[in-house]
Each structure stands twice: as C-alpha cells, then as structure tokens.
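Report on the structure
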There are 2 protein chains.
Amino acid sequence: MNFCSHCGSPDLHLVVPTGDNRPRQVCSACATIHYQNPKIVTGCLPVWEDKVLLCRRAIAPAYGLWNVPSGYLENGESVESGARREVWEEAAARVELDYLITLYNLEKINQIYLQFVGALVDGQYGVGEESLECALFTEDDIPWSEMAFTSSVFTLRRYFANRRSGRKLLHRACYPEE
Amino acid sequence: MNFCSHCGSPDLHLVVPTGDNRPRQVCSACATIHYQNPKIVTGCLPVWEDKVLLCRRAIAPAYGLWNVPSGYLENGESVESGARREVWEEAAARVELDYLITLYNLEKINQIYLQFVGALVDGQYGVGEESLECALFTEDDIPWSEMAFTSSVFTLRRYFANRRSGRKLLHRACYPEE
Ligand SMILES: [Zn+2]
Ligand SMILES: [Zn+2]
C-alpha cells in the first residue's frame with residue numbers, strides 16, 4: 001500500500017491508532033485507518049466410493065502439482081457455497097458437503113484454510129479452467145510427492161484416518177507449528 | 001475505494017479481469033486488481049463449572065449488549081490464538097480452548113464467525129477495555145433479550161445443547177439462512 005485508497009494521499013504511516021494495540025497504515029491526510037486481515041481459503045475433498053478427487057493445477061503457484069479443490073472465499077459467499085464453487089470451477093463437479101474436516105492456519109502468509117469432505121454427485125467430474133487434469137485416487141494411489149500444498153496433504157491424511165475410525169472429526173493445525 | 005492504493009490513480013473501474021468470473025476494482029493506470037474478501041471474526045465462549053462468561057460491550061455497535069468475546073482475526077495470527085487474545089482483551093481472562101463449536105456465515109456483511117468453547121483458567125476474569133462488565137451466567141440466567149449479535153445467541157444455544165448431549169459438535173449456519 002503506497003497511497004491512501006480513500007483520499008489518494010501518499011502520506012501513510014505505520015502507527016498504533018488511539019485505543020488500538022498494534023500498528024496500522026494510517027493516512028495523515030484523511031485519518032483513515034487501513035486494516036489488513038487474513039483471507040479464508042475454502043475447499044472440499046470430493047469423495048466417490050473408495051476414491052477422492054484431486055486436481056492438477058494449471059496455474060501458479062505450484063503449477064502441475066495436485067491439490068484438493070480450494071480457493072479464496074469471495075465477498076457475499078458462505079464458506080460452504082465457496083467450497084462448492086471451487087469444486088465446480090476446478091473440477092466441473094458438484095458435491096454435497098458432508099462435514100468440515102480442516103482448519104489449517106498459515107499465519108505467516110495470512111491464510112486460513114477451511115476444507116470440507118463432500119460426496120461427489122453421481123461420480124461425475126470434468127476438468128476446470130484452472131486444472132490440467134482431474135482424477136479419482138484410492139488412498140494407495142495418491143501422488144504424495146506431487147502435492148501442491150501442505151494443507152492438501154494434511155486434509156488427505158486426516159480424511160483417511162477419519163474414514164478408518166468411522167468418525168467425522170474436525171482437525172486443526174498451524175503451519176509452521178505454533 | 002476511491003484511489004488505487006498501489007499507484008494513487010483515481011482511474012478505478014469495476015470490471016471482470018481476464019480469466020476471472022466476477023467484477024473487481026481494477027486500476028487503469030497500473031493494472032493492479034484490488035481484491036476484497038470476507039473477514040474472520042474469531043472468539044471463544046469461556047466455561048467455568050456450570051456457567052459461561054459473557055461481556056457487555058463498551059463499544060459500538062451494540063453498545064451495552066452482551067456478547068461472546070470475539071473480534072476480527074489479525075494478520076499473523078491463527079484462529080486459535082486470535083480467540084485467546086479476544087478473551088484476554090475483552091474479559092482479562094485466560095482460556096484453554098476445547099473445541100470449535102461455531103461456523104456462522106454473515107454473507108451480507110462479509111463476516112465469517114469461528115467460535116470455540118474453552119475452559120476459563122482458574123475461574124479468573126476481570127473487565128477488558130472494550131467491556132462495561134463481564135459476568136458468569138448459568139443457562140437460566142443468560143440475558144437472552146440483551147444479546148449483541150445473533151452469532152452469540154447461536155453459539156450459546158448450541159453450547160447448551162452440546163452439553164446436554166455430552167457431545168462436542170461443530171454447528172454451522174448462515175444468517176440470513178441460505
Ligand atoms: Zn487518506
Ligand atoms: Zn494503480
């Protein structure tokens with residue numbers, strides 16, 4: 001942020017506003033306080049029979065690597081509708097959300113992952129614009145060494161653990177660990 | 001947003017960028033795309049014996065009404081550490097987080113609530129700067145008609161239901177309902 005988005009002044013300073021306890025970008029010209037907050041990455045692991053659906057990324061970062069369909073939550077969306085949208089955009093598939101499995105904090109880059117497990121409707125999928133390919137994998141076939149993000153590895157491992165124990169637990173973690 | 005925060009130009013237009021599917025504020029001078037995303041409100045319901053701790057707000061909005069300690073997640077925080085911070089700031093109390101009880105979507109105002117249940121350490125609390133007072137309530141004593149936000153009512157009702165059933169379920173909702 002180089003200029004105040006409210007008045008256009010370059011006179012921004014990192015100061016602790018009155019009544020606050022941490023530094024913010026504050027405009028000296030119009031007094032606007034510019035807050036910055038973490039973003040939610042929402043997604044869903046689609047399940048069909050004993051398999052899960054992954055997408056190989058056609059975009060940076062992690063081009064060519066496999067991922068649980070996920071992306072930034074948009075204004076006006078619920079976390080749930082964002083997860084369904086991401087599955088549609090990345091895999092041209094519809095899911096019925098089952099349960100929230102992952103709360104994964106990437107504090108260093110201000111991202112909070114919220115991922116669901118969902119049923120792949122009719123087992124149908126295609127390839128979204130942001131994907132090179134999409135495919136169903138059994139646990140033994142998961143391309144563990146070609147996963148895009150640690151969040152996907154976390155969600156996959158916990159999903160298979162949940163399935164073995166017959167439970168629908170939410171798993172929480174921080175990366176790096178707190 | 002009246003000016004580009006990157007280059008200071010007033011030449012902003014709401015357009016759908018190439019490869020995107022929704023309108024964004026795009027700067028015609030420097031081509032920066034300004035994304036806007038929902039914010040996380042994180043919090044925790046502190047529990048002590050058969051009581052829960054609520055705070056009466058000393059700030060707008062909902063001045064004078066009761067609330068589950070909650071506030072915006074900050075950059076650099078996990079959802080968990082933000083929840084502990086909010087309890088500290090609003091009630092001068094420490095909590096040991098137990099489980100995530102609430103995912104509550106306020107899509108219309110781009111807020112996503114994530115609230116935990118936690119144990120109030122040693123039953124100790126004070127009054128934070130943002131609170132007029134803090135107090136422990138049994139279920140029968142909750143000031144239902146003086147609650148600040150629907151999210152707090154939702155979390156409280158679900159907490160008592162969980163306690164009755166002996167379960168630690170996550171509850172999800174949208175307000176207004178989807
Ligand atoms: Zn300004
Ligand atoms: Zn610009």
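Here, the structure is the one placed above.
For every chain, the first residue of its written sequence is number 1, and the numbers climb from 1 along that sequence. Whichever chain is written first is A, and whichever ligand is written first is 1; the rest continue in order. Under the rules for a predicted model, residues below a pLDDT of 70 receive no local features and side-chain atom pairs below 80 are neither given nor counted, while totals for whole chains, interfaces and linings still include all residues. Only heavy atoms go into the side-chain values, all of them from the structure, while hydrogens and water stay out.

Some thoughts on the sheet that holds strand S2 (residues 24–27) of chain A
All names here are of chain A. Going by this rule: Criterion used throughout: strands pair if DSSP finds at least two bridges between them. For the purposes of this entry, the term helix denotes a DSSP run of H or I that reaches at least four residues, the term strand denotes a run of E that reaches at least two, and both are numbered from the N terminus.
Sheet architecture is open: three strands sit in the order S1-S2-S3, paired in antiparallel fashion. Since the sheet does not close on itself, it has two edges, and those belong to strand S1 (12–15) and strand S3 (33–34), each with one partner. Pairing of S1 with S2 involves four bridges; the strand directions are antiparallel. Across the sheet, the residue bridging to Val15 is Arg24, located in S2.

Describing the pattern of salt bridges
Our working definition: We count a salt bridge whenever a side-chain nitrogen from Lys or Arg sits within 4 Å of a carboxyl oxygen from Asp or Glu. Think of it in three bands: residues with accessible area under 20% of the maximum for their type are buried, residues over 50% are exposed, and the middle band is partly exposed, with areas taken using a 1.4 Å probe on protein chains only.
For the structure shown, the criterion picks out 22 salt bridges over all chains. One salt bridge in this structure joins Arg24 of chain A and Glu74 of chain B, with 2.7 Å as the shortest N-O distance. With Arg24 of chain A in strand S2 and Glu74 of chain B in the loop between strand S7 (70–72) and helix H1 (79–91), the pair connects residues from two separate chains. By the burial criterion, Arg24 of chain A is buried, and Glu74 of chain B matches it. The closest approach of N and O atoms between Glu86 of chain B and Arg85 of chain B, which form a salt bridge, is 2.9 Å. With respect to burial, Glu86 of chain B and Arg85 of chain B carry one shared label: buried. If you follow the salt bridges from partner to partner, you end up with Asp20, Arg22 and Arg24 of chain A together with Glu74 of chain B in one network.

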